[in-house]
Amino acid sequence: QQQVKQSPQSLIVQKGGISIINCAYENTAFDYFPWYQQFPGKGPALLIAIRPDVSEKKEGRFTISFNKSAKQFSLHIMDSQPGDSATYFCAARWGSARQLTFGSGTQLTVLP
Amino acid sequence: DAGVTQSPTHLIKTRGQQVTLRCSPKSGHDTVSWYQQALGQGPQFIFQYYEEEERQRGNFPDRFSGHQFPNYSSELNVNALLLGDSALYLCASSTKEEQYFGPGTRLTVT
């Protein structure tokens, strides 16, 4: 019930294309959904986050789409660049400590 | 403004030994959470410290323990190390909203 399922496991996109990563959850107690970007040897860096009462949030080239009824949310990276090549994790927050449950990650490669 | 810092960067230990990892939170943050990230997987919540007490714990054995100091810095201790404890250990600090992660400590158990 605390799981977040993420797909695809890997994604290859041409420069300038749109990268789309999807996540699904079951636990309705989740109250906050962040996305993190992680480069090799580094810690995860917060990219963008959304609350379940909002259907879409955009920050620069990054957009989260949230479908509360379907319990799904996705990250769209517009105009993907080679520098976006990294592993992306969706997460969901729950509990009194507001701990995060992470998806399994998507390794994005943007070809020049 | 320094972000979350962790030490050491890398660590190699032998099975059965004990290890201590350290974390200094981002300025102004009073809550520290620890996560374990196995290779190729997402981080998993170990526990969280607030006001020098463990507030919540994930599905990890008692071999994993921690401490938070009055300056909000924190330590993660792992006793009786197993090969399966090899992972990147991440510290995250927060106030009420977003959690910010440090660079992690890469622990290798041989």
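Being a predicted model, the structure only gives us computed values, none of them experimental.

**Student:** So what exactly am I meant to see when it comes to the interface of chain B and chain A here?
**Tutor:** Note: interface size is frequently given as the accessible area lost on complex formation between the parts. Tallying the contact residues gives 20 residues for chain B and 19 residues for chain A. Going through the elements one at a time, β4 (31-37), β5 (44-50), β6 (53-57), β9 (87-94) and β10 (99-101) of chain B are the ones with two or more residues in the side of chain B that touches chain A. The element that contributes the greatest number of residues to the side of chain B that touches chain A is β10 of chain B, accounting for three residues. Partitioning the side of chain B that touches chain A into residue classes produces eight nonpolar, eight polar and four charged.

**Student:** Hey, could you run me through the sheet that holds strand β3 (residues 19-25) of chain A in this one?
**Tutor:** Whenever strands of a sheet pair, they do so through backbone hydrogen bonds, lying parallel or antiparallel. All names here are of chain A. Ordered in space as β1-β3-β8-β7-β6, the five strands form an open sheet in which the pairing is antiparallel. Across the chains shown, the open sheet's two edge strands, defined by having one partner strand only, are β1 (4-7) and β6 (56-59). Direction aside, the axes of adjacent strands within the sheet are offset by 15 degrees on average. As judged from the four bridges shared by β1 and β3, these two strands associate in the antiparallel manner. Across the sheet, K5 pairs through a bridge with A24, a residue of β3.

**Student:** Explain the state of the cysteines to me, please; I cannot follow it from the model alone.
**Tutor:** A covalent bond between the sulfur atoms of two cysteines is referred to as a disulfide. Taken as a whole and judged by the stated rule, the model has two disulfides over all chains. With its sulfur 1.9 Å from that of its partner, C23 of chain A forms a disulfide with C90 of chain A. Across the disulfide from C23 of chain A to C90 of chain A, rotation about the S-S bond amounts to roughly -95 degrees, and the bridge is consequently left-handed. With C23 of chain A in strand β3 and C90 of chain A in strand β9 (residues 86-94), the pair connects residues that are 67 residues apart, well separated along the chain. For the pair C23 of chain A and C90 of chain A, a shared accessibility class is recorded, and that class is buried. Note on cysteine connectivity: C23 of chain B is disulfide-linked to C91 of chain B, with sulfurs 1.8 Å apart. For the disulfide bridge between C23 of chain B and C91 of chain B, the dihedral angle about the S-S bond is near -55 degrees, and by the sign convention the bridge is left-handed. On the criterion of sequence distance, the pair formed by C23 of chain B in strand β3 (residues 19-24) and C91 of chain B in strand β9 is long-range, its members being 68 residues apart. Judged by relative accessible area, C23 of chain B falls into the buried class, the value being 2%. Residue classification places C91 of chain B among the buried positions, given a relative accessible area of 0%.

Criteria and cut-off values
- Residues numbered from 1 in each chain as written.
- Chains lettered and ligands numbered in written order.
- Predicted model: local features only at pLDDT ≥ 70, side-chain atom pairs only at ≥ 80, totals over all residues.
- Heavy atoms only, no water.
- Contact = heavy atoms within 4.5 Å.
- Helix = DSSP H or I, 4+ residues; strand = E, 2+ residues; numbered from the N terminus.
- Nonpolar A, V, L, I, M, F, W, Y, C, P; charged D, E, K, R; others polar.
- Pairing = 2+ DSSP bridges.
- Axes fitted to C-alpha atoms, helices over the stretch in contact; angles between N-to-C directions.
- Disulfide = S-S within 2.5 Å.
- Buried < 20%, exposed > 50% of the residue type's maximum accessible area, 1.4 Å probe, protein only.

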